[in-house]
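Listed below, chain by chain, are the residues.
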Amino acid sequence: MKKIMKRKKDPEQTEQKRVCIFRHIVLGSCALFTVLMLLLFIGLPDRPFSETENRSLAGVPDPDAADLLSGRFMKSVESWTADQFPGRTGWVRVRTETARISGQNKIGGVYICDDGYLMEEAVQPEEEFVSRLVQNLTAFRANHQDMNFYMMIAPTAVTVLRDKLPENAPAEDQNALIRDFYSTMQLVGYTPVDVGNVLEGKKNEYIYYRTDHHWTTYGAYNAFRYAAGVMGLDPDAVMYNSLAVTADFNGTLSGKSCTFGDEKDVISVWFPQDDTQPAANYVVEYADNQMKTTTFYDETYLSQKDKYSVFFSGNHALVRIKSPTAEDRRLLVLKDSYANCFLPFLAQYYRQIDVVDPRYFTDDLETLIATDGIDEVLFLYNANTFFSDSSLAGLMEQ
Amino acid sequence: MTFSSLIFIFAFLPAVLLLYGIVKPARARTVIMIIASLVFYAWGNPVYVILLILSTVFNYYVGYDLAETERGERSRQWIFVGAVIVNLLILGYFKYCGFLVDTVNALLKTDFAVPGLPLPLGLSFFTFKAIAWIADARSGKINPRCGLLSFAASIMMFPTISMGPIDRMQDIVPQIRRPDFSIANVEEGLILFIVGLIKKVLLADNIVDLYNSFRALPAGEVSVLMAWLGMAAFAFQLYFDFSGYSDMAKGISLMFGIRTGDNFDHPYTAVSVTDFWRKWHISLSRWFRDYIYIPLGGNRVTVGRHVRNILVVWALTGLWHGAAWTYVAWGVYYGLVLLLEKYFLIKVLEKLPKPVRVLYTMFIVIIGWVFFSSRSFAEAAATCGALFGGGMHALADSRALYYLRTNLLLLIFCFLGSTAWPFRFYTWTQKKYPVVSAVGTVLLTLLAVAFMVYSTYQPFLYAAF
């Protein structure tokens, strides 16, 4: 009788024991893991910069009575611990891969497309944003009746290469947005430079980087040839040779979507075939650091992550490009980084080009126009920056 | 500091737990709990710590006075009512001031400025705990001689300060005084915490993207399928966020040797709306039952009074959830459905098969969430329209199919996670294959950590310095 009782009890006891084993393992592993992470966090030196995120990482915050009272200090502590969390990039990658396996093909606002393309989703601007922009651009145009105003808003890959998007991807078409905007601006005296069709015509060629949100120099050149027609320039006056300067470019979208490193892009720079052209004899002046060079390119960036900055070493508040052209035409370009690989083509035709990036420019635009004797203005943007960045509208309000 | 933040999991919680384990005297543990809770509370908005301390001291002594001091019935009543009003004024000032001003402005076409103070963390929760404390003191249900420190540690303990459960202080105080701190409880608590973390980080924080995609669409572009996907995503997000949080709160409390009440019991498997409210935010429903509904007379009154009682309770429940008329409408909606069920429907429902009853309940619940999730009645009406094909955009469009396909696996996990099956399976594996089950638990925990790290990932297209 006793034996039977014991046997009956046995399975329950074993189960109890097993649950205990289960719990010990979980607690033990979690404790070990926490200690390990803490040791790594303390032991490893803080990283100052994240290349994949393209930003400075937070460091040890300084305690400060005011920050403590406002709670800002605690926020800095959280940023610091998160930014310096051991194996940060690896963890992020695990998250991304899991999301991909679960069926997601848009990560961090970037579609993962066919042929290794990464494409940033299209920006949909708020109505107030657009109306403020229209209002300020109209007023700006009205102040300069005697000048030519051109406007080029380039669609990004998500529109031009939409055939490569994941099936049914709900990506908005930028063309309608851009053309609506053009027709509004045309009424107040802007000349649109609609490069949409030109780019669509070249959609099977390498006009956008796979891993970056920019167009390639080849894409920019095709847009330039179309723009030249509109702006009264002869696109065949200069012929070019292209030179691939790196085949190891891993752009911003691979960081943004955390699909690091698999796909690489080629960056090319284009030189005039005939080096008696003005292109060989220009001066580039950077207003922010008072630098003067005789080249559009800064090859030091080719050994860094941010290789697109090979063009004009990235974005600057104001750059002046002076060329010994026969004609004395002076152009103001208000732009985002899409212009950076486009400008060398324009430089062949203008005595002076003032390149203003409203995101960094804090001086008075009217003074610049007056002192530099500007007589033409070109707005050169990609649709995503143009319809999301408020600094252009802000600049006109000054 | 949220439970699902790296600093909480890797620094705050282990440090406090270690200290609590090393220091043996119960009195010292109470003090540690108070200090840790004050740090936790101060983390987001330090100034409000003063409010928390003042409210705690005030309510403790009011309760003490009501329970201990010999007074006439009238003066006891005055003290009680006065203290409740003080609590409600504080809550009202921070939570409902803007709502009140907006309503007055809309009715009288006036233009008073709306005060824009941030809501103190957990205010709605600790106010309710405090009101329960003084109400129970008034009716002689508590022994207030526990001392201020034990009371303070109970009402402000960091596992439950921000979002409940709304426990009765007389259930917590004795445990604070003699916590059942043991390795077994730490283990059990840890596993509860991990389950909650997984619900919150792997399910709620991901399915919310689907809901946001739905909300971002212009009204004319929402297909019927998209509207249902969006509202399902909202229902899942809300449930896994809150029940995940509640599991974590319960788990952390248990690690410190304190058993708190339950808040959720698989509400999306409820077989009637009455049943749903027995399974959803249990501690809140109990509070409204004990401190509003029963004092009003409950159901032991005439039908007319009962209807009034139900509607009052549910309008207040709605208002508690948020300071807007849409929340009040959401509450009253439930009041009406519950009355309908009590007087007619429940007899019909009982004859139906279980799946039909669950479907009926979820239908009512989803329509409720439409009001709960909308910022205005116009938005709620538009969403209702979209759910039933109003505006006739389409039954399903390519966008809806895209979201269905990319979220299918997540939706399946959410669906399963709403039932009791995975939890039964989990318990079974622990008993049969402890090692496999433990490895699975640890791997899922690591995955949750990866998702938490990702949530701090902020890439810039242009170098940000």
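Residues numbered from 1 in each chain as written. Chains lettered and ligands numbered in written order. Predicted model: local features only at pLDDT ≥ 70, side-chain atom pairs only at ≥ 80, totals over all residues. Heavy atoms only, no water.

## Overview of the overall build of chain A
And then number 1: Helix and strand counts for chain A stand at 14 helices and 15 strands.
And then number 2: Over its C-alpha atoms chain A spans a radius of gyration of 28 Å, topping by over 25% the 21 Å that the globule rule assigns to 398 residues.
And then number 3: Principal-axis analysis of the C-alpha atoms places the extent of chain A at approximately 115 × 55 × 45 Å.
And then number 4: Burial analysis of chain A (398 residues in total) assigns 52% to the buried set.
And then number 5: For chain A, the accessible surface area stands at approximately 18200 Å², while carbon and sulfur atoms represent 53% of it.
And then number 6: Placing the 39 positive and 55 negative side-chain charges of chain A at their respective mean positions leaves the two points 15 Å apart. (Helix = DSSP H or I, 4+ residues; strand = E, 2+ residues; numbered from the N terminus. Rg over C-alpha atoms; globule rule 2.2 N^0.38 Å. Buried < 20%, exposed > 50% of the residue type's maximum accessible area, 1.4 Å probe, protein only. Areas by Shrake-Rupley, 256 points an atom, 1.4 Å probe, with all protein chains shown as cover. Lys, Arg positive; Asp, Glu negative; His and termini not counted. Charge placed at Lys NZ, Arg CZ, Asp CG, Glu CD.)

## What about the domain arrangement of chain A?
And then number 1: The domains assigned to chain A are domain 1 (1-42), domain 2 (44-86) and domain 3 (110-396).
And then number 2: Each of domain 1 of chain A and domain 3 of chain A has a C-alpha centre, and these two points are 63 Å apart. (Domains from an automatic or database assignment.)

## Some details on the packing of helix α17 (residues 398-418) of chain B against helix α18 (residues 421-432) of chain B
A pair of packed helices is characterised by two quantities: the angle between their axes and the separation of those axes.
Residue and element names in this part refer to chain B.
And then number 1: Viewed as axis vectors pointing N to C, α17 and α18 meet at an angle of 75°, and their least axial separation amounts to 6 Å. Judged by the angle between their axes, α17 and α18 are roughly perpendicular. In this structure, α17 uses F415, L416 and G417 to contact α18, whose residues at the interface are W421, P422 and F423.
And then number 2: A class-by-class count of the residues in the contact of α17 with α18 yields five nonpolar, one polar and no charged. (Axes fitted to C-alpha atoms, helices over the stretch in contact; angles between N-to-C directions. Parallel < 35°, antiparallel > 145°, perpendicular 65-115°, else oblique. Contact = heavy atoms within 4.5 Å. Nonpolar A, V, L, I, M, F, W, Y, C, P; charged D, E, K, R; others polar.)

## Considering the sheet that holds strand β4 (residues 110-112) of chain A
Residues and elements named next belong to chain A.
And then number 1: If you trace the three strands from one edge of the open sheet to the other, you get β3-β4-β5, paired in antiparallel fashion. Each edge of the sheet is formed by a strand with only one pairing partner; in this case those strands are β3 (106-107) and β5 (118-120).
And then number 2: Alignment of β4 against β5, held across three bridges, turns out to be antiparallel. Paired with V110 across the bridge in β5 is E120. (Pairing = 2+ DSSP bridges.)

## Here we look at the domain arrangement of chain B
Residues and elements named next belong to chain B.
And then number 1: For chain B, the assigned domains read domain 1 (6-179) and domain 2 (185-454).
And then number 2: Spacing between the C-alpha centres of domain 1 and domain 2 amounts to 26 Å.
And then number 3: Here domain 1 meets domain 2 over a buried area of about 3100 Å², counting both sides, of which 73% is carbon and sulfur.
And then number 4: Counting across the interface, domain 1 meets domain 2 through one salt bridge.
And then number 5: A salt bridge links R168 to D290; the nearest nitrogen and oxygen atoms lie 3.0 Å apart. (Buried area = accessible area lost by both parts, 1.4 Å probe. Salt bridge = Lys/Arg side-chain N within 4 Å of Asp/Glu carboxyl O.)

## Remarks on the packing of aromatic side chains
Where two aromatic rings form a pair, the distance of their centres and the angle of their planes describe that pair.
And then number 1: Using the criterion set out here, one finds 99 aromatic pairs over all chains in the structure.
And then number 2: Taken together, a centroid distance of 5.3 Å and an interplanar angle of 85° make the contact between F149 of chain A and Y190 of chain A edge-to-face. Taken together, the positions of F149 of chain A in strand β6 (residues 148-154) and Y190 of chain A in the loop between α7 (174-187) and β7 (191-192) put the pair 41 residues apart, joining distant regions of the chain.
And then number 3: Overall, F149 of chain A belongs to the buried group, its relative accessible area being 1%.
And then number 4: Arranged with centres 6.4 Å apart and planes meeting at 5°, the rings of Y268 of chain B and F276 of chain B form a pair that is stacked. (Phe/Tyr/Trp six-rings, centres within 6.5 Å; stacked < 30°, edge-to-face > 60°.)

## A look at the interface of chain B and chain A
And then number 1: Contacts between the two partners involve 56 residues from chain B and, on the opposite side, 67 residues from chain A.
And then number 2: Linking chain B to chain A there are three salt bridges.
And then number 3: One salt bridge connects E172 of chain A with R399 of chain B, and the closest N-O pair in it is separated by 3.3 Å.
And then number 4: The interface formed by chain B and chain A holds 13 residue pairs in polar contact (both at pLDDT 80 or more) in total.
And then number 5: If you list the elements that add at least two residues to the side of chain B that touches chain A, you get α1 (6-22), α9 (183-216), α17, α18 and α19 (434-454) of chain B.
And then number 6: With 13 residues, α19 of chain B is the single largest residue contributor to the side of chain B that touches chain A.
And then number 7: For the side of chain B that touches chain A, a count of residues per class yields 39 nonpolar, 11 polar and six charged. (Polar contact = N/O pair within 3.5 Å; in protein donor to acceptor, adjacent residues only side chain to side chain.)

## Structural notes on the environment of P144 of chain B
All names here are of chain B.
And then number 1: Residue placement: P144 occurs in the loop between α5 (123-138) and α6 (148-156).
And then number 2: A relative accessible area of 1% places P144 in the buried class.
And then number 3: Separated by 207 residues in the primary sequence, P144 and K351 have C-alpha atoms spaced 49 Å apart.
And then number 4: With residues up to four places along the chain from it excluded, the contact list for P144 reads Y60, G63, Y64, A67, E68 and W133.

## Quick word on unusual backbone geometry
Residues and elements named next belong to chain B.
And then number 1: A cis amide bond links G164 to the next residue, P165, at an omega of 5°.
And then number 2: Note that P165 resides in the loop between α7 (158-161) and α8 (169-177).
And then number 3: Residue K109 is not a glycine yet carries a positive backbone phi of 55°.
And then number 4: Note on placement: K109 falls in the loop between α4 (73-108) and α5.
And then number 5: Residue K109 is classed as exposed on the basis of its relative accessible area of 72%.
And then number 6: With phi around 45°, H281 is a residue other than glycine that occupies positive phi space.
And then number 7: Within the fold, H281 resides in the loop between α11 (273-279) and α12 (282-293).

## Focus: the state of the cysteines
And then number 1: Scanning all chains against the criterion turns up zero disulfides over all chains.
And then number 2: Of all cysteine sulfurs, the one in C20 of chain A lies closest to C30 of chain A, which takes part in no disulfide; the gap is 17 Å. (Disulfide = S-S within 2.5 Å.)

## A word on the sheet that holds strand β14 (residues 352-356) of chain A
Residue and element names in this part refer to chain A.
And then number 1: A sheet is described by the order of its strands in space; here eight strands give the open sequence β7-β6-β15-β13-β14-β12-β10-β11, paired in mixed fashion. Here the strands that pair on one side only, and so sit at the sheet edges, are β7 and β11 (291-293).
And then number 2: Strand direction decides the pairing type here: strand β10 (residues 283-286) and strand β12 (residues 318-322), joined by four bridges, are antiparallel. What sits directly across from V284, in β12, is I321.
And then number 3: Against the sheet, α7 contacts β6 and β7, and its axis sits at roughly 170° relative to β6.
And then number 4: Packed on one face of the sheet, helix α9 (residues 217-231) meets β6, β7, β13 (330-335) and β15 (376-382) and runs near 160° to β6.

## Side note on empty space enclosed by the protein
And then number 1: Taken as a whole, this structure holds four cavities of 30 Å³ or more when the rule is applied.
And then number 2: Each pocket or cavity is described by its volume, and for the largest cavity that value is around 70 Å³.
And then number 3: Contributing to the lining of the largest cavity are 13 residues, with E120, T156, A157, H213 and L253 of chain A lying nearest its centre.
And then number 4: Looking at the lining of the largest cavity, the elements with two or more residues in it are β5 and α6 (157-160) of chain A.
And then number 5: Looking at which element gives the most residues to the lining of the largest cavity, the answer is β5 of chain A, with three residues.
And then number 6: Of the residues contributing to the lining of the largest cavity, the split by class is seven nonpolar, four polar and two charged.
And then number 7: Looking at the second largest cavity, its volume works out to about 50 Å³.
And then number 8: In this structure, the second largest cavity is lined by A132, I166, D167, R168, S283, R286, W287, D290 and Y291 of chain B.
And then number 9: If you tally residues by element for the lining of the second largest cavity, the top one is α12 of chain B, at five residues.
And then number 10: The residue inventory of the lining of the second largest cavity, partitioned by class, reads four nonpolar, one polar and four charged.
And then number 11: For the lining of the second largest cavity, the two domains that each supply at least three residues are domain 1 (6-179) and domain 2 (185-454) of chain B. (1 Å grid on protein atoms, 1.4 Å probe; cavity = no way out; pocket = protein on both sides within 12 Å on 5 of 7 lines; lining within 4 Å. Points joined across faces, edges and corners; volume = space filled by probe spheres on them.)

## So, the nonpolar core
And then number 1: W215 and L346 of chain A together with F8, F158 and W369 of chain B are the most contacted members of the largest nonpolar core, which totals 239 residues.
And then number 2: A total of 17 residues in this core trace back to one element, the largest contributor, which is helix α10 (residues 224-255) of chain B.
And then number 3: Residues in contact with L346 of chain A, not counting those within four places in the same chain, are F224, L233, L331, V333, I353 and L378 of chain A. (Core = buried A, V, L, I, M, F, W, Y, C linked by side-chain atoms within 4.5 Å.)

## Structural notes on the pairing of β14 of chain A
All names here are of chain A.
And then number 1: Where burial is concerned, most of β14 is hidden: five out of the five residues are buried.
And then number 2: Here β14 shows a buried face lined by Q352, D354 and V356 and a second buried face lined by I353 and V355.
And then number 3: With five bridges connecting them, β12 and β14 associate as antiparallel partners. Residue pairing for β14: V319 is matched across the bridge by V355.

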